[in-house]
Amino acid sequence: MITQRFWPFKSAQNSIAAKIIRMTFSIYFVLAIILTTIHMVSEYYRVQDTIVDDMKIIQKTLGSGIAKIIWDIDLENLDTMLKGIYDSPVVVGVKLETDMLGEMVIGNVIGNDGKYLAYDRNGEPLEKSESMATLFNHTFPLVFTEGDDVEQVGSLSLYSSSDIVFQHVKLGFTFIVVNAFLKTLLLWVILYIIILHLLSRPLKILTEETSRIDLNTLDNASIDIQTCDEKTELKVLEKSFNAMLQKLKAAKEELVLKNRLIAKTSKAYSRFFPPNFLLHLNKDNITDLELGDSIQQDISILFSDIRSFTSISEKMTPDENFRFLNSYFGAVVPAISENHGFVDKYIGDGIMALFSGDKDHAVQAGIDIYKQLDEYNLKRIEAGDFPIHIGTAIHSGDVMLGTIGEKKYMETTAIGDTVNLASRLEGMTKMYGVKLIISEAVWRSLKNPDNFYIRLIDVVKAKGKNEPVSIYEVYNFDSPEIIKLKSSTKNVLEEGLALYQNKKFVDAKQRFEYCLTIFEDDSVAKVHLEHCISCLTTSPSSDWDGIKSFDTK
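Remember, it's a predicted structure, so these values are computed and weren't measured experimentally.

Chemist: What is the right way to read the pairing of strand 10 (residues 390-406) from this model?
Modeler: The side chains of a regular strand alternate, first on one face of the sheet and then on the other. Within strand 10, twelve of the 17 residues are buried, leaving the element largely enclosed by the surrounding structure. By the bridge criterion, three bridges tie strand 10 to strand 12 (residues 436-439) in an arrangement that is parallel. Bridge pairing links Ile-394 to Ile-438 in strand 12.

Dropping the structure here:
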């Protein structure tokens with residue numbers, strides 16, 4: 001087992017932030033020391049200049065008086081005058097040099113030989129003090145003026161020491177230090193901001209460049225941070241980021257390939273699985289489907305299949321059968337999707353389609369199927385083939401949409417009584433010789449019934465059903481002549497049907513015969529006429545209700 005030790009403090013010491021803090025604080029303290037020293041030195045010389053100015057004031061106020069005393073050789077007053085100057089807080093020594101009186105020294109002064117001459121107030125020699133600092137002096141001539149006579153009688157030197165200067169400097173030491181540190185702090189803040197700016201600039205560039213990078217610009221994306229040191233953390237960050245970009249480019253290429261494969265797979269799935277089914281089941285993806293997922297909805301079911309397909313297929317090879325069915329479905333199925341429906345499944349030669357929402361869409365799809373079939377048959381006839389005929393029926397109601405099967409294989413479907421009845425109604429198109437039948441549930445739910453040519457053709461009981469259902473023929477796709485004939489006998493046909501159900505077979509027979517005199521090929525009138533003749537020939541039982549029951553699908 002290999003253990004890696006991680007020292008956060010050592011890592012922090014090598015970070016840019018730590019380096020900046022160490023560098024700026026070092027600069028701060030160095031600047032503080034330098035500025036404090038500069039302040040102290042400047043303050044020292046400022047105080048020294050002030051002391052010299054004070055000596056000059058003494059010169060101006062006492063210089064002429066001392067010169068007169070010397071001229072008068074008044075030693076007692078001279079001694080008093082010199083001692084008074086010596087008592088000044090800024091003076092540590094007085095040296096008087098005259099030709100008339102020689103040299104007089106009070107306090108600590110420097111002689112001509114550069115050595116300290118130390119005397120007390122009485123002029124007695126003193127030993128040199130080791131703590132005595134460097135002296136500095138102000139020397140000025142003593143000039144006696146009387147009338148027009150001007151005579152220099154000597155010179156007077158006033159001495160002060162660095163001790164005096166330091167005593168004054170110490171009084172303002174706190175102010176000096178605080179002032180120096182405040183100025184240093186200001187400089188440090190300015191410097192810190194500059195450093196941060198210099199650091200943030202490449203980081204800002206990095207941020208701006210990264211914000212511009214997306215899948216469209218990834219191929220040509222790279223970061224170049226200009227630094228003076230190739231080993232800085234920013235340069236390391238640049239290299240790491242560019243390495244990451246290379247990996248992202250490779251990942252993008254792989255993702256593009258996978259997306260293409262997914263798109264192809266999804267397209268392939270959509271050919272076998274109705275995408276609209278996902279919407280009805282509130283699923284976003286086919287992978288979200290699970291066995292048993294279901295939902296109850298009001299759906300219109302359309303069934304359609306080819307008449308006599310068994311006899312047609314017997315004349316074809318298996319390959320020809322597949323090509324024939326695919327060409328037929330390719331011709332008529334677009335009419336379903338164009339009217340907001342989708343094919344749930346193909347049952348041999350039959351189609352089961354689902355429509356949600358307006359029932360008008362389902363009926364219009366049934367009409368458009370026959371329009372497409374007419375065009376398809378024209379092409380077949382031109383190719384020397386026989387035309388084909390189909391039957392279509394539509395019923396609506398609550399159905400269960402969901403998945404059935406087992407875990408390894410399942411499919412989507414619609415189940416319920418509505419589906420079964422729609423299938424039964426499609427079979428009745430053969431018996432009545434019509435192309436498109438809709439149930440009463442569809443007819444009553446139409447939003448725009450005036451858009452369709454519809455007539456009642458019977459009330460029936462489908463196989464396995466106890467409740468009768470009224471069925472209607474839709475004939476929009478017939479020729480204008482036939483549409484006119486069917487519409488003109490529509491009411492008479494319905495009257496005949498009502499009379500027939502009330503066992504008034506003679507009157508009903510007359511109505512159906514009238515319909516056939518107007519439109520001799522009316523297959524519905526023919527069916528009802530045959531039933532009337534049968535009932536007149538053989539009287540129906542006492543429980544006869546006039547509703548036809550079908551025992552076949």
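Chemist: Can you walk me through helix 9 (residues 318-332) in this structure?
Modeler: Two residues of an α-helix separated by three or four positions point the same way, owing to the 3.6 residues in each turn. In this model, helix 9 (15 residues) spans 21 Å end to end at C-alpha, consistent with the 21 Å of a helix rising 1.5 Å per residue. Looking only at helix 9, the buried set comprises Asn-321, Phe-324, Leu-325, Tyr-328, Phe-329, Ala-331 and Val-332. Here the buried residues of helix 9 occupy an arc of 160 degrees about the axis, which is enough to place them on one side. Exposed residues lying more than 90 degrees from the buried face of helix 9 are Phe-322, Arg-323, Asn-326 and Gly-330.

Chemist: Explain the pairing of strand 14 (residues 469-474) here, please?
Modeler: Within strand 14, six of the six residues are buried, which leaves the element mostly enclosed by the surrounding structure. With burial as the criterion, each face of strand 14 is covered, one bearing Val-469, Ile-471 and Glu-473 and the other bearing Ser-470, Tyr-472 and Val-474. In the sheet, strand 12 pairs with strand 14 via three bridges, with the strands oriented antiparallel. Paired with Ile-438 across the two strands is Tyr-472, which belongs to strand 14.

Chemist: Even after reading the chapter, I still don't get the packing of aromatic side chains, so can you show me in this structure?
Modeler: Aromatic rings in a pair are described by how distant their centres are and how their planes are angled relative to each other. For the structure shown, the criterion picks out eleven aromatic pairs. For the ring pair Tyr-44 and Tyr-45, a centre distance of 5.3 Å and an interplane angle of 90 degrees mean the geometry is edge-to-face. When its relative accessible area of 16% is taken as the criterion, Tyr-44 is described as buried. For Tyr-45, a relative accessible area of 47% corresponds to the partly exposed category. Between Tyr-500 and Trp-544 the ring centres are 5.1 Å apart and the planes differ by 85 degrees, which places this aromatic pair in the edge-to-face class. Taken together, the residues Tyr-500 in helix 15 (residues 490-501) and Trp-544 in the loop between helix 17 (523-537) and strand 15 (548-549) connect sequence positions 44 residues apart. A relative accessible area of 21% means that Trp-544 is categorised as partly exposed. Among the aromatic residues, ring-to-ring pairing joins Tyr-328, Phe-329, Tyr-346 and Tyr-376 into one connected group. A cation over a ring is seen here: Arg-380 above Phe-386, with NZ or CZ 5.1 Å from the ring centre.

Chemist: What should I look at first to understand the state of the cysteines in this one?
Modeler: Such a bond, covalent and formed between the sulfur atoms of two cysteines, is termed a disulfide. If you walk through the whole model with that rule in mind, you get zero disulfides. Looking at Cys-532, it has no disulfide partner, and the nearest cysteine sulfur is the one in Cys-535, 6.7 Å off.

Chemist: Can you help me understand the side chain of Ser-313 in this one?
Modeler: One can find Ser-313 in helix 8 (residues 309-314). One polar contact links the side chain of Ser-313 to the main-chain carbonyl oxygen of Thr-310, over a distance of 2.9 Å.

Chemist: Hey, could you run me through the side chain of His-138 in this one?
Modeler: The residue His-138 is located in strand 5 (residues 135-146) in this model. For His-138, a relative accessible area of 13% gives the class buried. Polar side-chain contacts of His-138 include one of 2.8 Å to the side chain of Gln-59. Not counting residues up to four positions away in its chain, the partners in contact with His-138 are Met-55, Lys-56, Gln-59, Leu-156, Ser-157 and Leu-158.

Chemist: Before we go on, may I ask you to explain the confidence of the model for the chain in this structure?
Modeler: Low-confidence regions, as indicated by low pLDDT, have predicted coordinates that should not be scrutinised in detail. Averaged over the chain, the pLDDT score is 79; the fraction of residues at 70 or greater is 73%. Below pLDDT 50 for its whole length, residues 128-132 participates in five contacts with residues either more than four positions away or in separate chains.

Rules behind the numbers
- Residues numbered from 1 in each chain as written.
- Predicted model: local features only at pLDDT ≥ 70, side-chain atom pairs only at ≥ 80, totals over all residues.
- Heavy atoms only, no water.
- Buried < 20%, exposed > 50% of the residue type's maximum accessible area, 1.4 Å probe, protein only.
- Helix = DSSP H or I, 4+ residues; strand = E, 2+ residues; numbered from the N terminus.
- Pairing = 2+ DSSP bridges.
- Expected span 1.5 Å × (residues − 1).
- Arc of directions from axis to C-beta.
- Phe/Tyr/Trp six-rings, centres within 6.5 Å; stacked < 30°, edge-to-face > 60°.
- Lys NZ or Arg CZ within 6 Å of the ring centre and 35° of its normal.
- Disulfide = S-S within 2.5 Å.
- Polar contact = N/O pair within 3.5 Å; in protein donor to acceptor, adjacent residues only side chain to side chain.
- Contact = heavy atoms within 4.5 Å.
- pLDDT = per-residue confidence, 0-100.

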